[in-house]
Amino acid sequence: MATVLTRLCRAGAFFLAAAMGAAPALANDGAASILAGGIVLEKSDEVRIAREDLFLSAGRIDVAYEFENITEKDVALTAAFPFPDIFADDIGSQWPDEPEAVRFIGFTTTFNGKPVEAREIVEIISLEGENITQLFRDEGFPLAPYADLWQPSTWFGDEEKTAPVKARLAELGLLGNFESRKWKTRISYVWEAVFPAGETVKVTHSYKPVSGAFHLAFQNPPAADGGVEAFDHWFRKQYCVSDELFQTLAARPVEERFTFYARETGYVLKTGANWAGPIGAFHLTVDTGAPDAFFSTCWPHELEETAPGRLEFSATDFTPRHDLLFMTYAPSDMQEGTTE
């Protein structure tokens, strides 16, 4: 059975922005306006989320919405689906079989059953939270995560090509130890949508998330509480790991720590609060990837284990106030959402 921490932390992802001249609307999804500095989510009092069904795993995320236009007029919005910021170095572990692919994430969406072609918007964010997309443009650094320059084979294998770039990144404070890249990539998908007056429309999204992978590099003996410099401290704080779960993981064989990974998966949920009123009916399913997986999160709502490796939560008139971030760890390679 999955080992579950009772405290969780929320997530969501679709937002809307009003078209030119209209007030933008966001969803967990949300409403958004697109400015020079990036995508800005705004509120909408014209469209509500009547229902949201969300399925999360390290290998797949699926979400289905029912949006209701509560006015007597059609509402035209710019819809946007934002992803959690991704550390630049995490992208390397998720490199696709076809790195020349234009799109970073295999994101698909439908509107009332019809496929929608969304624009992919890529922004670069410093570790301090500053939008440095324009700096990258000025320096000639590619924004696309799968650009040839950022491919592991190029970044670590073509010194002639990368040396001047690394030197400039170091000058800008964007290169860390072992040539690590000190920024995050922010990706959003945007499209135009019209919500007919007084009607309900169905919207779906599906994609493979970028799930960060890391070893459990605990100190031996474990660091005392308050050791802010220690991995132990970061790990416990990041995922609200209980004393019992921490001790269980710390006691696992040392050799296992270098052959298995903990996986981190995130979902932007709180933008769902920007629609008109709360979400009428909200249902969350988390697939831990393996029946014996360990699981922890800071989400403040209790998840019920409805089957081995499956956790669920339901609520009516639900207002999301936090994004969702969770950690799974299993002594196997079955962390891609296998309990579906």
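Look up: the structure comes first, before these words.
The text that follows walks through the structure, step by step, so that each part is easy to find. (Residues numbered from 1 in each chain as written. Predicted model: local features only at pLDDT ≥ 70, side-chain atom pairs only at ≥ 80, totals over all residues. Heavy atoms only, no water.)

Some points on the packing of helix α5 (residues 231-239) against helix α6 (residues 243-250)
Where we set the bar: With axes taken as lines fitted to C-alpha atoms, and helix axes fitted only over the stretch in contact, angles between N-to-C directions fall between 0 and 180 degrees. Secondary structure elements follow DSSP: runs of H or I of four or more residues count as helices, runs of E of two or more count as strands, with numbering from the N terminus. Orientation labels follow simple angle bins: below 35 degrees gives roughly parallel, above 145 gives roughly antiparallel, 65 to 115 gives roughly perpendicular, and whatever is left gives oblique. Crossing handedness is defined as follows: a turn of the near helix away from the far one that is anticlockwise and smaller than a right angle gives a left-handed crossing, while the clockwise case is right-handed. The criterion used for residue contact is that any of the two residues' heavy atoms lie within 4.5 Å. Charged residues are taken to be Asp, Glu, Lys and Arg, nonpolar residues to be Ala, Val, Leu, Ile, Met, Phe, Trp, Tyr, Cys and Pro, and polar residues to be all remaining types, Gly included.
Running from amino to carboxyl end, α5 crosses α6 at an angle of 135 degrees, the nearest separation of the two axes being 11 Å. As the angle between them shows, α5 and α6 are arranged oblique. When you trace α5 past α6, the crossing you get is right-handed. Across from Asp232, Phe235 and Arg236 in α5, the residues of α6 making contact are Asp243, Phe246 and Leu249. Residues that form the contact of α5 with α6 fall into these classes: three nonpolar, no polar and three charged.

Description of the sheet that holds strand β19 (residues 324-329)
Adjacent strands of a sheet form backbone hydrogen bonds with each other and so pair up, either parallel or antiparallel. Quick reminder of the rule: The criterion for strand pairing is that DSSP finds at least two bridges linking the strands in question.
With antiparallel pairing, the four strands of this open sheet are ordered in space as β13-β14-β19-β16. Two strands close off the open sheet at either side, each with one partner strand: β13 (212-214) and β16 (294-297). Going across the sheet, the axis of each strand differs from the next one's by a mean of 20 degrees, ignoring polarity. Pairing geometry for β16 and β19, over four bridges, is antiparallel. Residue pairing in the sheet places Phe295 in a bridge with Thr328 of β19. Across the sheet, α5 is in contact with β13, β14 (262-267), β16 and β19; its angle to β19 comes to roughly 125 degrees. In this fold α6 packs onto β16 and β19, with an angle of close to 140 degrees to the strand it touches most, β16.

Concerning the pattern of salt bridges
Rules: Every case where a carboxyl oxygen of Asp or Glu lies within 4 Å of a side-chain nitrogen of Lys or Arg is listed as a salt bridge. Only protein chains enter the accessibility calculation, which uses a 1.4 Å probe; a residue is then buried when its area is under 20% of its type maximum, exposed when over 50%, and partly exposed in between.
Counted under the stated rule, the structure contains 11 salt bridges. One salt bridge connects Glu46 with Lys73, and the closest N-O pair in it is separated by 3.5 Å. Here Glu46, found in the loop between β3 (38-42) and β4 (47-56), pairs with Lys73, found in the loop between β5 (61-69) and β6 (75-82); they are 27 residues apart in sequence, far enough to count as distant. Given a relative accessible area of 15%, Glu46 falls into the buried group. The salt bridge involving Asp85 is made with Arg186; its shortest N-O contact spans 2.8 Å. One end of the pair, Asp85, is in the loop between β6 and β7 (86-87); the other, Arg186, is in strand β11 (residues 183-195), and 101 residues separate them in sequence. Using a relative accessible area of 28% as the deciding quantity, one classes Arg186 as partly exposed.

Considerations on empty space enclosed by the protein
This is how the line gets drawn: We place a 1 Å grid over just the protein atoms. Points where a 1.4 Å probe fits but has no way out form a cavity, open points with protein on both sides within 12 Å along at least 5 of 7 lines form a pocket, and any residue with an atom within 4 Å of a point lines it. Grid points are joined across faces, edges and corners, and a volume is the space filled by probe spheres set on the points.
Summed over all chains, the structure comprises one cavity of 30 Å³ or more. Taken as a whole, the largest cavity encloses approximately 50 Å³ of empty space. Of the residues assigned to the lining of the largest cavity, the class counts are 10 nonpolar, one polar and one charged.

A short note on the nonpolar core
Soluble globular proteins: nonpolar side chains tend toward being buried together. Test applied: The nonpolar core is taken to be a set of buried Ala, Val, Leu, Ile, Met, Phe, Trp, Tyr and Cys residues, with the residues joined through side-chain atoms within 4.5 Å.
Core analysis: the largest hydrophobic core is formed by 56 residues, its most contacted members being Tyr267 and Leu284. Take this core: its biggest share by element is six residues, from β11. Formed by 16 residues, the second largest nonpolar core is a distinct cluster that contains Phe231, Leu245, Phe246 and Ala250.

Let's talk about the state of the cysteines
Covalent bonding between the sulfur atoms of two cysteines defines a disulfide. Stated precisely, the cut-off is as follows: The criterion for a disulfide is a pair of cysteine sulfur atoms lying within 2.5 Å.
Applying the stated rule across the entire model yields one disulfide. There is a disulfide in this structure between Cys240 and Cys298, and the S-S distance comes to 2.0 Å. Here the S-S torsion is close to 110 degrees, and the disulfide linking Cys240 with Cys298 is therefore right-handed. Highlighted residues: Cys240 in the loop between α5 and α6 and Cys298 in the loop between β16 and β17 (304-307), separated in sequence by 58 residues. For Cys298, a relative accessible area of 16% translates into the label buried.

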